[in-house]
Amino acid sequence: MPDLKYVVVGGGIAGVTCAETLSLFAENATITLLSASPLIKTVTNLIQITPNIESFDVEEQPYKHVKEGHCKVQVIHTTVNSLCAQEKRLHLSDGKTLDYDQLCICTGGKPKLIAVDNPYVLGIRDTESVKEFQKKLKTAQRIVIVGNGGIATELVYELEGCEVIWAIKDKSISHTFVDAGAAEFFMAHLNKAKDNSPEGLSKRLKYTTNEECEVMMSDKKPVMGSALGPDWAAQLDIRGAQQMSHRVHVEHEVEVERVLSPDDLTLLGLKACSVDQGQDFTNWPVYVQLTNSKIYGCDIIVSATGVEPFTEVFLPGNNIDLAPDGGMKVNSKMETSEPHVYAAGDVCTACWDPSPYWQQMRLWSQARQMGCYAAKCMVAATKGENITLDFCFELFAHVTTFFNFKVILLGKFNAQNLSNDYEVLLRVTKGQEYVKAILHNNRLVGAILIGETDLEETFENLILNGLDLTAFKDNLLEPGIDVDDFFD
Ligand SMILES: Cc1cc2nc3c(=O)[nH]c(=O)nc-3n(C[C@H](O)[C@H](O)[C@H](O)COP(=O)(O)OP(=O)(O)OC[C@H]3O[C@@H](n4cnc5c(N)ncnc54)[C@H](O)[C@@H]3O)c2cc1C
Ligand SMILES: NC(=O)C1=CN([C@@H]2O[C@H](COP(=O)(O)OP(=O)(O)OC[C@H]3O[C@@H](n4cnc5c(N)ncnc54)[C@H](OP(=O)(O)O)[C@@H]3O)[C@@H](O)[C@H]2O)C=CC1
């Protein structure tokens, strides 16, 4: 019997994990990993904090380096130009074709920008885009950051030597990840100098970059490199032109009405304002008008406004269904709507009926889990075996660092889809910890843990066990009480 041909497209964490897992579980197979960027991310020093929470170092390595198991992984540095699913064939940028028996698409996403083709509006996604940002930042006195999610939250902490106007849609900062209470907790640290001490840095995850990054272009669209991952900014020099640490001004509940050139400003007779709301007479290269009518001048606008799944080259001529967020719809076996075509990571949208405590977010951990599970599904399908949804999709769990605090998010951490039908238990020690437990029908369904709370494992178990906490909830967050004692 000829070898089965597994092909994976994308050299980010989803694609690499998929190829590595295929190599572990597949038999008599050829595995080919196609990547437009010569860098392949791998996870090292994996530490299992709880059954669902992992911390790890992230490394970018030369593209030939993939951990192999039973079967060899062949890595080809190329760009896929199109897919013909009916013939099970990929067309590559060098004119060649590649046939597959099973295909997994892991092409990630690209930044969703507030304005395209404007040299002053930058998105941050891969090593190249960060280099571009660093270059422009060197001479910058002021930047405007638009967006209220992961990149914006990390950037306002990491960025020094430059005034920052942070324009957010919401009433509170970091809204994609935390509630207003936790945002208040962080606000006290917004304008503090970042902790550059060895202790401050050693608590953080490691991220290393390979300088020789070159991304191949498709003949249709530019293709990005792999997305940066945890702690992307901590070891980079992200400094503006000013001799100062932090000066961040937040504009709440606004969006960008329009981006203006200096000529536009003069032509329209508009005036820019300064942070103290007086008139700003500085000549800036670019201006933003916010929906509250304020106009700020700046050197750069960072559009940290989310991700758009990178799907387009695979769509023409095929029947790949997209979800409303633009991701390829995948079922509980990571299959797209085209037979023998799977997808994993940022490019896909999970369309199965999820566990009550899990939701998709385009995160490193989920891309890794999906890449691994997709490979297992592909192998199971070729062997005619059944497979049940992996345990990792039972509970949403994310660990990260914001404002130099460890942040752990569990389950419905922001009371997602609970309308007003939930109870909140809160414990806050200013500058030290923020613990929020969300209860529904007296059962723990989600939590935000900021600081060294040591509660993650217990809370994870409480959510998964669905234990009725009626008798314990008044004491659940009492300081000094060992929660585990309740359950002995
Ligand atoms: C600045 C930044 C910081 C982040 N920080 C965190 C964090 O702290 N924690 C966290 O959990 N997540 C974080 N994320 C999110 C996380 O990095 C992504 O969710 C994850 O890396 C997605 O992995 P992926 O493999 O799906 O996609 P990607 O990493 O985007 O990889 C896609 C790959 O496909 C290749 N490709 C695309 N099109 C083609 C084609 N046509 N042919 C061949 N190859 C192609 C690309 O070159 C790339 O190699 C961050 C993201 C960014 C941008
Ligand atoms: N530490 C971590 O875990 C990190 C994770 N990441 C991940 O990397 C990816 C990219 O990060 P990022 O770009 O910050 O994306 P996020 O999805 O984290 O955040 C995007 C933010 O931009 C807002 N937004 C969207 N469109 C507009 C608009 N037109 N005007 C103003 N605001 C807008 C969103 O609001 P709304 O939601 O209301 O649309 C949201 O607040 C994400 O998947 C993110 O999860 C990135 C950095 C760190």
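That block above? That's the structure.
Please read all numbers here as calculations on a predicted model, not as lab measurements. (Residues numbered from 1 in each chain as written. Chains lettered and ligands numbered in written order. Predicted model: local features only at pLDDT ≥ 70, side-chain atom pairs only at ≥ 80, totals over all residues. Heavy atoms only, no water.)

Before going further, it helps to examine the nonpolar core. Core analysis: the largest hydrophobic core is formed by 104 residues, its most contacted members being Leu90, Phe133, Ile143, Trp166, Phe186, Phe314 and Met334. Looking at which element gives the most residues to this core, the answer is helix α7 (residues 364–383), with 10 residues. Those residues in contact with Phe133 that lie beyond four places of it in its chain are Leu122, Ile124, Ile143, Leu155, Leu159, Ile238, Ile300 and Val302. With 25 residues, the next largest nonpolar core counts Ile53, Val435, Leu444 and Leu462 among its residues. (Core = buried A, V, L, I, M, F, W, Y, C linked by side-chain atoms within 4.5 Å. Buried < 20%, exposed > 50% of the residue type's maximum accessible area, 1.4 Å probe, protein only. Helix = DSSP H or I, 4+ residues; strand = E, 2+ residues; numbered from the N terminus. Contact = heavy atoms within 4.5 Å.)

Below, the discussion takes up the packing of aromatic side chains. Aromatic ring pairs are described here by two measures, namely the spacing of the ring centres and the angle between the planes. Within the structure shown, the criterion is met by 13 aromatic pairs. Seen from their ring centres, Phe185 and Phe405 are 5.1 Å apart, and the 65° between their planes marks the pair as edge-to-face. Of the two residues, Phe185 sits in helix α4 (residues 180–187) while Phe405 sits in strand β25 (residues 405–411), which places them 220 residues apart along the sequence. Taking relative accessible area as the criterion, Phe405 reaches 10% and is therefore assigned buried. A network of ring pairs unites the aromatic residues Tyr157, Phe177, Phe185, Phe186, Phe402, Phe403, Phe405 and Tyr434 as a single cluster. (Phe/Tyr/Trp six-rings, centres within 6.5 Å; stacked < 30°, edge-to-face > 60°.)

Turning our eyes to something else, we now look at the packing of helix α1 (residues 13–25) against α7. For the pair α1 and α7, the least separation of the axes is 7 Å and the interaxial angle reads 35°. Note on packing geometry: the crossing formed by α1 with α7 is right-handed. For the pair α1 and α7, contact is made by Ile13, Ala14, Thr17, Cys18, Thr21, Leu22 and Phe25 and by Trp364, Ala367, Arg368, Gly371, Cys372, Ala375, Lys376, Met378, Val379 and Lys383, respectively. Considered class by class, the residues forming the contact of α1 with α7 number 11 nonpolar, 3 polar and 3 charged. (Axes fitted to C-alpha atoms, helices over the stretch in contact; angles between N-to-C directions. Left-handed = near helix turned anticlockwise from the far one by under 90°. Nonpolar A, V, L, I, M, F, W, Y, C, P; charged D, E, K, R; others polar.)

Bringing the side chain of Asp170 into the picture now. The topology assignment puts Asp170 in the loop between β13 (162–167) and α4. Within the structure, the side chain of Asp170 is placed 2.7 Å from the side chain of Asn148, a separation counted as a polar contact. If we ignore the near neighbours within four places in the chain, the residues touching Asp170 are Asn148, His175, His252 and Glu253. (Polar contact = N/O pair within 3.5 Å; in protein donor to acceptor, adjacent residues only side chain to side chain.)

What follows concerns the side chain of Thr21. Structurally, Thr21 can be placed in helix α1. The exposure class of Thr21 is buried, given its relative accessible area of 5%. Those residues within four positions of Thr21 in sequence are excluded, and the remaining contacts are Cys372, Ala375 and Lys376.

A word on the sheet that holds strand β7 (residues 89–92). In spatial order, the strands read β6-β7-β8; together these 3 strands make up an open sheet with antiparallel pairing. Since the sheet does not close on itself, it has two edges, and those belong to β6 (80–84) and β8 (97–99), each with one partner. Going across the sheet, the axis of each strand differs from the next one's by a mean of 20°, ignoring polarity. Pairing of β7 with β8, which is carried by 3 bridges, proceeds in the antiparallel orientation. Its bridge partner being in β8, Arg89 is matched across the sheet by Asp99. (Pairing = 2+ DSSP bridges.)

We now examine the sheet that holds strand β28 (residues 443–450). Spatial ordering of the open sheet is given by β24-β25-β28-β27-β26, a layout of 5 strands whose pairing is antiparallel. Either end of the sheet is taken by a strand with one partner, and the two such strands are β24 (397–402) and β26 (423–429). Between one strand axis and the next, the sheet turns by 15° as a mean value, whatever way the strands run. Bridge analysis of β26 against strand β27 (residues 433–440) gives 7 bridges, and the strand direction is antiparallel. Counted as the bridge partner of Arg427 is Val435 from β27.

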